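The primary structure of each chain is shown beneath.
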Amino acid sequence: MVRFKPFFITGLAAVGFLACCLGTSAPAYAGNKPTAMLSGPLGLNTVPSARMDEEGTVSANISTLDPYLHTTAGIQILEPLYIGIRQTAEISSLRDEADRLYPGIDMKLRLARETPFSPEIALGLQSMVGHKRMAGEYIALSKRYENFDFTGGMAWGRLGSAAHMSNPLNAISSHFGERRRLDGDDPNSIDEWFTGEDIGFFGGIEYFTPLDGLSIKADFGADKYIVEQTVSDYNAPEPWAVGINYAPADWFNAQVAVIGGEKVMAGFTLKSPLSRYPKKFPSFMAGDDNPPVALRAYRTGLSLPQQMEVSASAAGIGLHDTKRNTNTAWGKLNVNDYTPLPQQIGRAARHMANHAGPHVERIMITPIMYGIEGDTVSIMRRDLEQALIHHQGSPEEIWRNARFGDAPPDDLLQGLTQGIYAGSPYAVPWHFRIIQDNQISLAEDDSGLLYRAGIVFETKEQIFRHVLYGASVRIDVADNLHRLREYRPTPIYSTRSNIDEFAKRTIGLEHLYLSYFDNPRKDVFAALTAGYIDEMYGGAAAEVLYRPFGKTFAFGAEGFGGLKRDPRQWLNNGVFIDQAAWTGHLSAYYEMPNTDLTFKAKIGRYLAGDYGSTLSMKKRFDNGVALDAFVTATNKADFDVFGSKTNLYSGIKISMPIGQIKYMPQGSMVRTEIAPLGRDTGQVVNNPVSLYDMTEPLSHRHIGQNWTRLLD
């Protein structure tokens, strides 16, 4: 039998590592808030509830109840949606080694909010993707009355194995009433969700005591431990549980419970709402050392566009190609991607207004990023003067008269009164940043927790109007990827399963590339990148994106062709001539209106020659934190030493800016990805250039959400 190192220590290390990666920025006050259950989501002792955390909350949980130890990394990626990546170890004593691991991805979706007369309702899937041993589905209802929170529900699979009644979904289709296997080496699949001959009921109550953060939980479940009793002499406890939970702070809670009068459950959780993460530093232009130029109280006489550019250049603003006619001044603005675009437009507009002469009434600015032109923003000069000089206006009032996408007047386009930019027409600040990169896997059947931590030093610079140069070096600080080879053979040909060989080299060349950008037509963007564009691959990638300004949708196509890099050579600079790879995908994007949430779907060929699709969602917060969750399904499967196979590859990513820290370069971040490591199927090249992300600062959504920064 395969044995594992003491898993309790590994679990503690996992929680500690996650806590260090994700941080804890919540205030000390805890209040009477729901807390985690045994397997990670919010609930009572052993049963789930319908409760949800604050949107953007990340959590790390470890809990034990014979014969299992659970380690979970969870994220409330949307207000109604929780996703958790869990590793469950079969272990009878915390001093013992684990006999077997049962990874899985859990999900809980709120179906209805609580009202004064109706409960909160949620649908959940444990091991939605993962091992059958822990798989089960449920519908939970929760209702609060003063200091009491009541929960009840029904469950399928493992969570409903008490078989209190026949499966009611059998009335809809006989498929749901088919006999369900509760164990096996094949992963849980969609066609097994909510199936089985019978279901079980669960319920319970949580009482929030007068002592802040202390609550008492009591519940009864429907998990009969059928598999454990079948394969061993396991003594299953009675289904009731009584315990206490103590949360002295929002970021920490601990609990202990007695299960059936025979067994003891214990666990603790660390969590942090990312929306409370400290605001990122506004920009390289902001601060007392570089305040915005004052708008002149009186309009001066005739002025030259060249003066607009010279004045802006002295303040570090890349204004160029300025032109002016009788009533309109227009210019192009090189923007950076670390500062809200409205703030940069507002700064440039001050310089244009100060040197526009007495009769110009409209100021038009076309933003440009790496040679890509955004839609022209047009604001009224009088609105700007009312807000900045007379203090009788606001960004919202300027918005009412602002226009987007208008073409400059013909006489300006024909080149009348053209200014001369004091510097290069494509000059933008040199970008250097530091990335503390963490890769964590809780989804390994044979290796338990895998991790890799390193520091990436990255630079990029625009060397011509449409050409970008980029390079990055990675220093590997710590990892345990050697454990991939304890049970798995060394691959001859691989896409990413030899990641351990790349991690062995302390210093490696992550990226070294040239990119060309253009927008051949309005709302159409194109990019071509060549070089070492991935830690493991070199070659060329092309991308085309159609993203209409002011719309909530976009469409794209991308492709890559190249060779696998050789980790045995200096800085990984060699390639395997016989390991060519190519990929191609079609993508569709949808922006949820009035939010910073983007959904993406893509379909095509992956690096291992497998075909499939990826669904993902990305959430941005105004403090710079970004959350990303994805799942990929292809027609090929990865196998482990137990014979398990999976066609799915999924994970979550968290990016937290640290550029607000003194002496830290703008754009620096802590980047954490929680996903399987060393997998071959469902893999793509990590192109350092994404047209959708690159055009986000030029989008209508970004401008609208950051318009209040116009006068900063």
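What you see is a predicted model, and the numbers here were worked out from it, not measured in a lab. (Residues numbered from 1 in each chain as written. Predicted model: local features only at pLDDT ≥ 70, side-chain atom pairs only at ≥ 80, totals over all residues. Heavy atoms only, no water.)

**A look at the side chain of Arg620**
Moving on, step 1. Inspection of the secondary structure puts Arg620 in strand 32 (residues 611–620).
Moving on, step 2. Reaching out from Arg620, the side chain makes a polar contact with the side chain of Asp693 at a distance of 3.3 Å.
Moving on, step 3. Beyond its immediate stretch of four places on either side in the chain, Arg620 contacts Asp596, Thr598, Val625, Ala626, Asp693, Glu696 and Arg701. (Helix = DSSP H or I, 4+ residues; strand = E, 2+ residues; numbered from the N terminus. Polar contact = N/O pair within 3.5 Å; in protein donor to acceptor, adjacent residues only side chain to side chain. Contact = heavy atoms within 4.5 Å.)

**Digging into the environment of Trp251**
Moving on, step 1. When you line up the elements, Trp251 lands in the loop between strand 14 (240–249) and strand 15 (252–259).
Moving on, step 2. Note on Trp251: relative accessible area 34%, which makes it partly exposed. (Buried < 20%, exposed > 50% of the residue type's maximum accessible area, 1.4 Å probe, protein only.)

**Brief notes about the nonpolar core**
Moving on, step 1. Membership of the largest hydrophobic core comes to 59 residues, with the highest contact counts inside it found for Ile365, Ile379, Phe517 and Trp707.
Moving on, step 2. When residues of this core are assigned to their parent elements, the largest contribution, 6 residues, is made by helix 4 (residues 341–354).
Moving on, step 3. What Trp707 contacts, discounting residues up to four positions off in sequence, is Pro342, Val377, Ile379, Pro395, Glu396, Ile398, Trp399, Ala402 and Phe404.
Moving on, step 4. Counting 34 residues, the second-largest nonpolar core is a separate cluster that includes Ile199, Leu274, Leu449 and Met617. (Core = buried A, V, L, I, M, F, W, Y, C linked by side-chain atoms within 4.5 Å.)

**Topic: the pairing of strand 7 (residues 120–131)**
Moving on, step 1. In terms of residue burial, strand 7 counts as a mostly covered element, since 11 of its 12 residues are buried.
Moving on, step 2. One ladder, built from 7 bridges, connects strand 6 (residues 100–112) with strand 7; its direction is antiparallel. Across the sheet, Leu109 pairs through a bridge with Leu123, a residue of strand 7.
Moving on, step 3. As judged from the 2 bridges shared by strand 7 and strand 11 (residues 187–188), these two strands associate in the antiparallel manner. (Pairing = 2+ DSSP bridges.)

**Remarks on the pattern of salt bridges**
Moving on, step 1. Tallied over the full model, the rule gives 42 salt bridges.
Moving on, step 2. Between Glu90 and Arg133 there is a salt bridge; the shortest N-O distance is 3.9 Å. Highlighted residues: Glu90 in strand 5 (residues 81–90) and Arg133 in the loop between strand 7 and strand 8 (136–145), separated in sequence by 43 residues.
Moving on, step 3. Note that Arg433 is salt-bridged to Glu458, the shortest N-O span being 2.7 Å. Separated by 25 residues along the polypeptide, Arg433 in strand 23 (residues 431–441) and Glu458 in strand 24 (residues 450–464) bring together distant segments of the chain.
Moving on, step 4. By relative accessible area, Arg433 is classed as buried at 17%.
Moving on, step 5. Look at Glu458 and you get buried, because its relative accessible area is 13%.
Moving on, step 6. Residues joined in a network through salt bridges with shared partners are Arg51, Arg110, Glu114, Glu120, Lys143 and Asp149. (Salt bridge = Lys/Arg side-chain N within 4 Å of Asp/Glu carboxyl O.)

**A word on the side chain of Arg452**
Moving on, step 1. With respect to the helices, strands and loops of the structure, Arg452 is situated in strand 24.
Moving on, step 2. Residue class for Arg452 comes out buried when judged on its relative accessible area of 0%.
Moving on, step 3. At 2.7 Å, the side chain of Arg452 and the side chain of Asp476 are in polar contact.
Moving on, step 4. Discounting chain neighbours no more than four positions away, the residues touching Arg452 are Asp437, Asn438, Gln439, Arg474, Asp476, Ala478, Asp479, Leu481, Ile499, Phe502, Ala503 and Glu535.

Worth remembering: the numbers are spatial, not functional.
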